[in-house]
Amino acid sequence: MQIAQVIVDIPTSQTNNPFSYLIPDNLSGQVSPGMRVQVPFGPRKITGFIVAITDRSEFQGKLKPISSLVDLYPVINQELLELATWMAGQTYSFKINCLQTMLPGGMRTKFKKKLIAKSDQIRDDNPQIFAGQNEVDYDRAHYSSNLLSQILNLQKTDQIKVEYELTIHAKPVMMAAFKRQMTPEALKAESQHVRSNAIAQQHLLKLLLDHPDEQFLQSKLNQKGISSSTTRVAEQRGWIKKTQVRQIRNPFLRSVKKSQPLKLNADQQAAVSQINSATSTKQNQIFLLEGVTGSGKTEVYLQSIAHALSLGRTALMLVPEITLTPQIVGRIRSRFGDQVAMLHSALSNGERFDEWQRINSGQAKVVVGVRSAVFAPLTNLGLIIIDEEHDSSYKQADNPRYQTRDVAKWRAAYHHCPVVLGSATPSLESRARAMKGVYRLLRLPHRINRHALPHVSIIDMKIEMAKHHSALSTALSTAISDRLAKHEQIILLLNRRGYSSFLMCRDCGYVPRCPNCDISLTMHKDTGTLDCHYCGHKEPIPRVCPQCHSKRIGHYGMGSQQLEEQVKEMFPTARVLRMDVDTTRRKGSHEAIIDKFGAHKADILLGTQMIAKGLDFPEVTLVGVLNADSALAFPDFRSSERTFELLTQVSGRAGRADKTGEVFIQTFNPDHYAIQLAQTQDYERFYATEMRVRHDGKYPPYYFTVKLTGSSPNENQTAAEMYAILNFLKANLSKMAIILGPTPKTITRINNRYYYQIIIKYQNEPHLKAVLDQVLLKSQKKQRHGLQIAIDNEPLDFM
Ligand SMILES: Nc1ncnc2c1ncn2[C@@H]1O[C@H](COP(=O)(O)OP(=O)(O)OP(=O)(O)O)[C@@H](O)[C@H]1O
Ligand SMILES: [Zn+2]
Ligand SMILES: [Zn+2]
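Here the structure is a predicted model, which is why all the values come from computation and not from measurement.

1. Quick word on the environment of S477
In step 1: Among the secondary structure elements, S477 is positioned in helix α19 (residues 474–486).
In step 2: On the basis of relative accessibility, which here comes to 12%, the residue S477 falls in the buried class.
In step 3: Separated by 392 residues in the primary sequence, S477 and T85 place their C-alpha atoms 56 Å from one another.

2. Some words on the coordination of the zinc ion (ligand 2)
In step 1: Listed as protein donors to the zinc ion (ligand 2) are C505 (SG), C508 (SG), C545 (SG) and C548 (SG); their distances from the metal cover 2.3 to 2.4 Å.
In step 2: Because the angles between the four donor atoms bound to the zinc ion (ligand 2) fall within 105 to 113°, the donor set is best described as tetrahedral.
In step 3: Each donor residue of the zinc ion (ligand 2) lies on one chain, and together they are spaced C-x2-C-x36-C-x2-C. Here C505, found in strand β21 (residues 503–505), pairs with C548, found in the loop between β24 (538–540) and β25 (553–555); they are 43 residues apart in sequence, far enough to count as distant.

3. Concerning the sheet that holds strand β14 (residues 340–343)
In step 1: Across the sheet, seven strands lie side by side as β14-β15-β13-β16-β17-β12-β18; this open sheet has parallel pairing. Both edges of this open sheet fall to β14 and β18 (440–444), since each of them pairs with a single strand only. Between one strand and the next, the sheet's axes are offset by a mean angle of 20°, whatever the strand orientation.
In step 2: Relative to strand β17 (residues 419–423), strand β12 (residues 286–291) is paired through five bridges, and the arrangement is parallel. In the strand pairing of β17, L289 is matched with G422.
In step 3: Contacting β14 and β15 (366–369), helix α15 (residues 349–360) crosses the sheet at an angle of about 140° to β14.
In step 4: Helix α17 (residues 428–435) rests against β12, β17 and β18 of the sheet, and its axis sits at about 115° to β12.

4. Brief notes about unusual backbone geometry
Across residues other than glycine, the phi torsion is negative in most instances, and most of the peptide bonds are trans.
In step 1: Residue P400 is bonded to the preceding N399 through a cis peptide linkage, with omega at -10°.
In step 2: When you line up the elements, P400 lands in the loop between β16 (381–386) and α16 (404–415).
In step 3: Look at the link from G741 to P742: it is a cis peptide, with omega at 5°.
In step 4: Positionally, P742 belongs in strand β31 (residues 738–750).

5. Observations regarding the sheet that holds strand β26 (residues 576–579)
In step 1: An order of β19-β29-β28-β20-β27-β26 is seen for the six strands of this open sheet, with the pairing classed as parallel. Of all the strands in the sheet, just β19 (455–460) and β26 have a single pairing partner and so form its edges. Each strand axis lies, on average, 15° off the axis of its neighbour in the sheet, ignoring direction.
In step 2: Looking at chain direction, strand β20 (residues 489–493) and strand β27 (residues 604–607) are connected through four bridges and run parallel.

6. A few points about the site of ligand 1
In step 1: Close contacts around ligand 1 come from 19 residues, with K263, Q268, K297, D616 and R656 the closest.
In step 2: In this structure, an oxygen atom belonging to ligand 1 sits 2.7 Å away from a side-chain N or O atom of K297.
In step 3: R656 is positioned such that a nitrogen or oxygen atom in its side chain is 2.7 Å from an oxygen atom of ligand 1.
In step 4: In isolation ligand 1 has 640 Å² of accessible area, and contact with the protein removes 81% of it.
In step 5: If you tally residues by element for the shell around ligand 1, the top one is helix α13 (residues 297–310), at three residues.

7. Section: the confidence of the model for the chain
In step 1: Residues at a pLDDT of 70 or more form 92% of the chain, whose mean pLDDT is 87.
In step 2: Low pLDDT (under 50) marks residues 168–172, which in the prediction has six contacts with non-local residues, meaning those over four places away or in another chain.
In step 3: In the model output, the complex is listed with pTM 0.81 alongside ipTM 0.94.

8. Overview of the pairing of strand β6 (residues 113–117)
Remark: a regular strand shows side chains that alternate across the two faces of the sheet.
In step 1: Most of β6 sits out of view: five of its five residues are buried.
In step 2: Of the two faces of β6, both are covered, the one formed by K113, L115 and A117 as well as the one formed by K114 and I116.
In step 3: Looking at chain direction, β6 and strand β7 (residues 135–137) are connected through three bridges and run antiparallel. Among the inter-strand pairings, L115 is bridged to a residue of β7, identified as V136.

9. Let's talk about the nonpolar core
In step 1: Core analysis: the largest hydrophobic core is formed by 48 residues, its most contacted members being V75, I76, L316, I359, V367, F375 and I384.
In step 2: Structurally, this core is a two-domain feature, drawing no fewer than three residues from each of domain 1 (3–108) and domain 4 (266–448).
In step 3: Leave out the neighbours within four places in its chain, and I359 touches A341, L343, A364, V367, A376, P377 and L378.
In step 4: By size, the runner-up hydrophobic cluster in this structure holds 36 residues, among which are I593, L605, F644 and V650.

10. What to know about helix α1 (residues 78–90)
In step 1: End to end, α1 covers 19 Å across 13 residues, agreeing with the expected 18 Å (1.5 Å per residue, within 8%).
In step 2: Turning to α1, its buried residues are E79, L80, L81, L83, A84, M87 and A88.
In step 3: In this fold, the buried residues of α1 make contact with β4 (44–54), α2 (95–102) and α16.
In step 4: Residue Y92 follows α1 closely and has a positive phi angle near 50°.

11. Regarding the packing of α17 against helix α25 (residues 683–697)
In step 1: At their nearest, the axes of α17 and α25 sit 11 Å apart, and the two run at 100° to each other. Relative to α25, α17 is oriented roughly perpendicular. Each of L428, R431, A432 and M435 in α17 lies in contact with α25, whose residues at this interface are Y683, E684, Y687, E690, M691 and R694.
In step 2: When the residues that make up the contact of α17 with α25 are grouped by side-chain class, the tally is six nonpolar, no polar and four charged.

Analysis parameters
- Residues numbered from 1 in each chain as written.
- Chains lettered and ligands numbered in written order.
- Predicted model: local features only at pLDDT ≥ 70, side-chain atom pairs only at ≥ 80, totals over all residues.
- Heavy atoms only, no water.
- Helix = DSSP H or I, 4+ residues; strand = E, 2+ residues; numbered from the N terminus.
- Buried < 20%, exposed > 50% of the residue type's maximum accessible area, 1.4 Å probe, protein only.
- Donors = N, O, S within 2.8 Å, 3.2 Å for Na, K, Ca; no water.
- Tetrahedral: all angles 85-135°; square planar, octahedral: opposite > 155°, others 65-115°.
- Pairing = 2+ DSSP bridges.
- Axes fitted to C-alpha atoms, helices over the stretch in contact; angles between N-to-C directions.
- Contact = heavy atoms within 4.5 Å.
- Near = heavy atom within 4 Å.
- Polar contact = N/O pair within 3.5 Å; in protein donor to acceptor, adjacent residues only side chain to side chain.
- Areas by Shrake-Rupley, 256 points an atom, 1.4 Å probe, with all protein chains shown as cover.
- pLDDT = per-residue confidence, 0-100.
- Core = buried A, V, L, I, M, F, W, Y, C linked by side-chain atoms within 4.5 Å.
- Domains from an automatic or database assignment.
- Expected span 1.5 Å × (residues − 1).
- Parallel < 35°, antiparallel > 145°, perpendicular 65-115°, else oblique.
- Nonpolar A, V, L, I, M, F, W, Y, C, P; charged D, E, K, R; others polar.

See below:
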């Protein structure tokens, strides 16, 4: 007797352990862990994941049999099943949520399947399944277990194909195509009548004569200068006939040329050798690759991946969403071709599923993707790379709140392979671990070919603003004119983080800060107060600047569209491209902008954070940062780190090739250390300074942190529950733990729910996990009253 242990799709503590279901005898040996099933649960039937198959059950009563199979093969492999268990504990979430997070989007939703007989013979041999059709709906509700067993056999022996409705019905892309309609002789006769200066028509006739049997896509013809107006004429004259053909989905919008490994410089070589030797000897070593901007980190990644592949192993490379530019994808694809699968949020459900299938079936050996790609079902992993490891997009903001770096480390330990964390500005956490010897530090201290880092000037906007009201300082505009005259390219960054939530004096740069904490206050327009989210301090919004008595104290910031208008007005002949959320909404628009700029069809690329990282354009010699401060004033203990990182990254876009780069940083806080040190791009000093700040403030990496957020439709209830939790924590944690709050969150009310939070900072609390699990369990009982508690382990911020 076989028993399936099933995690059912009901996220509660009671269902966080598997339930037992009987596997019908005739399916014995065919059902495996990682498949999804339908099972009876009370009066309902629900879905669940089989996590184990046993021959005994703890359960005393009579077991019910599973109702049907959702999958005909495991969609979660053994490794990922174990990972889900670890992750659920680590992120204080339910196993079912973790398991679902691992599947590509389209598979989580309801979908239908089709069974396709691979030959007519197979169809005729299985009349009960196919009833004479080559393709039938997989209607699991109506299969007896005998029939299911037969289907599983056919699937296992590769006699049938299972297709998901989402791949079948995801809208096919139809393209116009043309075929020859006339005989070659008749076409030759036609060409006598076409004027010789009708080049496109002549060209088309020649193509038709040279390739009489070929079907030509309009898109291909366009590339040859034969436009749709030419094909329309040709159609009217009866030369060709138009049809529509279905395009196979291809997430790589363009084909790329094969590239060869570059000859490494000494620093790159040293890094690659260390990584490769760890891969060869199956060492679970974590490397921190700290390389200045333009030092050739990507080439190190590529050659390390190549080495893993040469050993018959696979590789996973993670990049932040905004740097997953066509540029980096192009570089990887041109080295590894069709072995690469790509996973990111701009793919349609169908495309993502296709890519996931290629990985799951072992076809794809290299996966490049954003955060969720860390769950790519690669087997035999030889290397995991996390590019821009400091990036905040690696932490998932909602349940399960996992940190990609930690999941990657878990997987690397499972596979006995190395992890490479790469950055020009490593997170303090990672760098501190490297200093302790937990990670091995690899350095690329110089740019490729020893190109100089750009020269950075800091512009004090307090002085500028006294003179004029332009968003561009005199120095920056002069530099722009100069580059335009030289036909060089310019990047302008408008930093919009925290754009309207803080207050600043336009005359003296004063930003109101909390008297108890070294953090700026957040503006709450509804209550007319400035609040501190660390200690709960509140004060009224001032009407005049407390420092210089100016009345020009208010929101700070400007939109990218406004900036574009100003720039166009000041430089009427310049070709300006804007890249922000508004201009990149449509699929492919991101690529289009980057391609255009890369082909030097524009002089100025202006945009938000999206343009700050990863871009490698040799003609860019000038970078301007319009407002360095907005990240700085954000009420967040990581705001200095973010500012330093952003300024260093964006500065790094300038002067990457032979021409020297220049950078202007406009700021109201020219004396702030994050800005001063970004000027010299001195990560070492920034690290030392910021570590002292973190030490004194008892922040990470000196302290571990946990954030508890409670919410309910009633503010008093939320507050009361959070105080009860506070008391429980005080009673159960050591005196060394620092507990802050409860305080209302930045946006206290969302969707008519009131949010409060508690922050725990600690260095050594062996019982913390058990205590917090109890908090969760207790709060579950109060869920009826609308109370919800969320726990964020190592939150990115305290907001
Ligand atoms: N060994 C090499 N020889 C010649 N050129 C190289 C070599 N390695 C890298 N390059 C080139 O140097 C440029 C910068 O490299 P890359 O973009 O990898 O830098 P990076 O360290 O990732 O920079 P960033 O962190 O700023 O994105 C690229 O154009 C790359 O092709
Ligand atoms: Zn002032
Ligand atoms: Zn405070």
